[in-house]
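Spelled out from the first residue to the last, the chains are:
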Amino acid sequence: MGVRVGPPKKRDEGWFTSLYAAEYEHMVRYGLRRLADRDASAELAQEVFVVAWRRRAEVPERSLPWLYGVARRLLANQWRSRRAAPDLLSITDVDLERLAGSSGADTSLGVADIRTALANLNDLDQEILRLVGWEELTVSEAAKVLGCTGATAAVRLHRARRRLAAAMSDRPAQTRRSPVLVTIREDL
């Protein structure tokens, strides 16, 4: 009797097609918040799903945090290999209000203020705030993306929120607004 080679029975093309349909737009929006244009974001999403297909046996049932982790690592690899590339921008350079298909949280009042305050934070603070605020992940899901424990992610989020509030309060009183990044779900 031979050993069956290939994906598990339930991880076939149908499974992949439904995963792709359910999560593709999340991956594109993730990329839009970090890259210069929709084409680059769509390319990132495609790369994420290539990895998901190759490693389909490892994709957990709740796949979105796992996919975000893959996207984060792919972007880190791109940034390392193309540090001076003009098509990769930091969050402060992307005009989120003009992005087609961006969520309501991105286009609400105060986005420019948040972007300015975020620019003063380190990369890890920015990422935990984006994952919880924009990507609407729980703290434990963000921990999976960042490759740390839930407790570590909760502490990082708490500290990042404090730093963001401090950065927001450093601005002149007439332009000061409260941060609009909120946690939709905070369960560990």
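Scroll up a little and you will see the structure.
Here is what the cut-offs are and how they apply
- Along every chain, residues carry numbers that run from 1 in the direction the sequence is written.
- In keeping with the model being predicted, local features are shown solely for residues with a pLDDT of at least 70 and side-chain atom pairs are shown and tallied solely at 80 or more, while totals for entire chains, interfaces and linings include all residues.
- The basis for every side-chain value is the complete set of heavy atoms in the structure, and neither hydrogens nor water enter the calculation.
- Secondary structure elements follow DSSP: runs of H or I of four or more residues count as helices, runs of E of two or more count as strands, with numbering from the N terminus.
- Any residue under 20% of the maximum accessible area for its type is buried, any over 50% is exposed, and the rest in between are partly exposed; the area is computed with a 1.4 Å probe on protein chains only.
- Contacts were defined at the residue level, with two residues in contact if any of their heavy atoms lie within 4.5 Å.
- The Shrake-Rupley method, run with a 1.4 Å probe sphere, supplies the accessible areas, and residue values consider only the shown protein chains as cover.
- Residues adjacent in sequence count toward polar contacts only when both atoms are side-chain atoms; beyond that, a polar contact is any pair of N or O atoms within 3.5 Å, and within protein one must be able to donate a hydrogen and the other to accept it.
- Working convention: axes come from line fits to C-alpha atoms, limited for helices to the stretch in contact. Angles between N-to-C directions cover 0 to 180 degrees.
- Roughly parallel means an angle under 35 degrees; roughly antiparallel means over 145; roughly perpendicular covers 65 to 115; every other angle is labelled oblique.
- When residue character is reported, Ala, Val, Leu, Ile, Met, Phe, Trp, Tyr, Cys and Pro are called nonpolar, Asp, Glu, Lys and Arg charged, and the others, Gly included, polar.
- Stacked, tilted and edge-to-face are the three classes applied to pairs of Phe, Tyr and Trp rings, where Trp contributes its six-membered ring and a pair requires centres within 6.5 Å; stacked means planes under 30 degrees apart, edge-to-face means over 60, and tilted covers the rest.
- Put simply, a charge is over a ring when the Lys NZ or the Arg CZ is close to the ring centre, within 6 Å, and near the line of the ring normal, within 35 degrees.

This part covers the overall build of the protein. When you go through the protein residue by residue, the secondary structure sums to eight helices and zero strands. Put simply, the protein runs from its N terminus to its C terminus through helices and strands in the order α-α-α-α-α-α-α-α. The buried share of the protein, taken over its 188 residues, is 43%. Once local pairs closer than 6 in sequence are excluded, the contacts in the protein between residues at least 24 apart make up 66%. As displayed, the protein has an accessible area near 10,400 Å², and 52% of this comes from carbon and sulfur atoms.

A separate point is unusual backbone geometry. For Glu136, which is not glycine, the phi dihedral falls at a positive 60°. With respect to the helices, strands and loops of the structure, Glu136 is situated in the loop between helix H6 (123-133) and helix H7 (139-146).

This paragraph deals with the side chain of Arg11. If you trace the backbone, Arg11 turns up in the segment before helix H1 (13-32). Here Arg56 takes part through its backbone oxygen, which lies 2.5 Å from a polar atom of the side chain of Arg11. A polar contact is formed between the side chain of Arg11 and the backbone oxygen of Val59, at a distance of 2.8 Å. Setting aside its immediate chain neighbours within four residues, Arg11 contacts Trp53, Arg56, Ala57, Val59, Pro60 and Glu61.

What follows deals with the environment of Leu44. Within the fold, Leu44 resides in helix H2 (residues 38-54). Placed 28 residues apart in sequence, Leu44 and Arg72 show a C-alpha to C-alpha distance of 9.8 Å. The residues touching Leu44, leaving out its near neighbours within four places in the chain, are Tyr30, Gly31, Leu35, Ala71, Leu74 and Leu75.

Direction vectors running N to C along H6 and helix H8 (residues 150-169) enclose 100°, while the axes themselves pass 9 Å from each other. Overall, the two elements H6 and H8 adopt an arrangement that is roughly perpendicular. Of the residues in H8, those touching H6 at Leu124, Asp125, Ile128, Leu129 and Val132 are Ala153, Arg156, Leu157, Ala160, Arg161, Arg163 and Leu164. The class makeup of the residues in the contact of H6 with H8 is eight nonpolar, no polar and four charged.

Here the focus is H6. Of all the 11 residues making up H6, nine are buried; the element is thus mostly covered by neighbouring parts of the structure. Taken together, the buried positions of H6 are occupied by Asp125, Gln126, Glu127, Ile128, Leu129, Arg130, Leu131, Val132 and Gly133. N-cap assignment for H6: the residue whose side-chain oxygen lies 3.1 Å from the backbone N of Leu124 is Asn122.

This part covers the packing of aromatic side chains. Scanning the entire structure with this criterion turns up eight aromatic pairs. With centroids separated by 6.5 Å and ring planes inclined at 50°, the aromatic side chains of Trp15 and Phe16 adopt a geometry described as tilted. Under the relative-accessibility criterion, Trp15 is labelled buried at 16%. For Phe16, a relative accessible area of 18% translates into the label buried. Put simply, the rings of Trp15, Phe16, Tyr20, Tyr24, Phe49 and Trp53 pair up and form one aromatic cluster. The positively charged end of Arg34 is found above the aromatic ring belonging to Tyr30, 3.6 Å away from the centroid. The residue whose ring lies beneath Arg56 is Trp53, and the NZ or CZ to ring-centre distance is 3.8 Å.

Don't take any of this as a statement about function, it's just geometry.
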